[in-house]
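A look at the structure
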Amino acid sequence: MAGKVTRWEGKYLRMVTDDGWEYVERVGGMTAVVIVAMHEGKYILVEQKRAPLGYRGCIELPAGLVGDEDDKGIDDTALKELEEETGFLADSVTRLGDYYSSPGMVAEGYTLVRANNVRPGGTKVEDDIAVHLVAPGDVAGFIGARRAEGLAIDTKLLLLLAGDLLG
């Protein structure tokens, strides 16, 4: 057992090996927050181009890194990211737990939160993000249509499809 060895480190990511495993982790203890938000009974989803996917558009829940700026923690970052990515405001968030999306390859986890008292009124800062409001009963069709158009679908959207997939 050789132990953990850093093979490469950038500003945000570090590639390591540990006892035969190769994986990526965040530098400096950064984590992520993923936001489930609804307005007038519809989920707020975002569509943005992602470099690791060849700048292909991807449908996702709003999210952001905790610790990459002057963030004051998970809750404040969630409120800030919701506004920046969608133009919606929320009074608070409720933490729903910590999760790991690909633990065999990436050490990063995220905290899932639900936004409370969501309303329009923020200033949408990120112009390269499209916002979609989707009713719960329309999520499967919306995702299917976007996939047929060639968009990628973030695995966290399985949360919204669980009832349809598990029947």
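Residues numbered from 1 in each chain as written. Predicted model: local features only at pLDDT ≥ 70, side-chain atom pairs only at ≥ 80, totals over all residues. Heavy atoms only, no water.

Re the pattern of salt bridges
Here the structure, examined in full by the defined rule, presents 10 salt bridges. Residue Arg14 pairs with Glu25 through a salt bridge whose shortest N-O separation is 2.8 Å. Of this pair, Arg14 sits in strand β2 (residues 13-18) while Glu25 sits in strand β3 (residues 21-26), placing them 11 residues apart in sequence. Glu25 shares its class with Arg14; the two are buried. As a salt-bridge pair, Asp91 and Arg119 come within 3.0 Å of each other at their nearest N and O atoms. Here Arg119 lies in strand β12 (residues 119-120) and Asp91 lies in the loop between β9 (88-89) and β10 (92-99), a separation of 28 residues in the sequence. Residue Asp91 is classed as partly exposed on the basis of its relative accessible area of 45%. (Salt bridge = Lys/Arg side-chain N within 4 Å of Asp/Glu carboxyl O. Helix = DSSP H or I, 4+ residues; strand = E, 2+ residues; numbered from the N terminus. Buried < 20%, exposed > 50% of the residue type's maximum accessible area, 1.4 Å probe, protein only.)

Examining the side chain of Glu60
You can see Glu60 is positioned in strand β7 (residues 56-60). Not counting residues up to four positions away in its chain, the partners in contact with Glu60 are Leu45, Val46, Gln48, Arg50, Asp154 and Leu157. (Contact = heavy atoms within 4.5 Å.)

Quick look at helix α1 (residues 74-86)
The terminal C-alpha atoms of α1 lie 18 Å apart, and with 13 residues this matches the ideal 18 Å at 1.5 Å per residue to within 8%. Listed in full, the buried residues belonging to α1 are Ile74, Thr77, Ala78, Glu81, Leu82, Glu84, Glu85 and Thr86. Phi turns positive one or two residues past the end of α1, at Gly87, with a value near 80°. (Expected span 1.5 Å × (residues − 1).)

Quick look at the layout of surface pockets
In this structure, the largest pocket spans a volume of roughly 1,200 Å³. Lining the largest pocket are 38 residues, and of these Arg26, Arg50, Glu60, Glu108 and Asp154 lie nearest its centre. Going through the elements one at a time, β3, β4 (31-36), β6 (42-50), β7, β8 (63-66), α1 and β14 (152-153) are the ones with two or more residues in the lining of the largest pocket. In terms of residue class, the lining of the largest pocket is built from 19 nonpolar, six polar and 13 charged. Here the second largest pocket is characterised by a volume of approximately 150 Å³. For the lining of the second largest pocket, the secondary structure elements donating two or more residues are β3, β4 and β11 (110-116). (1 Å grid on protein atoms, 1.4 Å probe; cavity = no way out; pocket = protein on both sides within 12 Å on 5 of 7 lines; lining within 4 Å. Points joined across faces, edges and corners; volume = space filled by probe spheres on them. Nonpolar A, V, L, I, M, F, W, Y, C, P; charged D, E, K, R; others polar.)

Treat this as a map of the structure, not an account of what it does.
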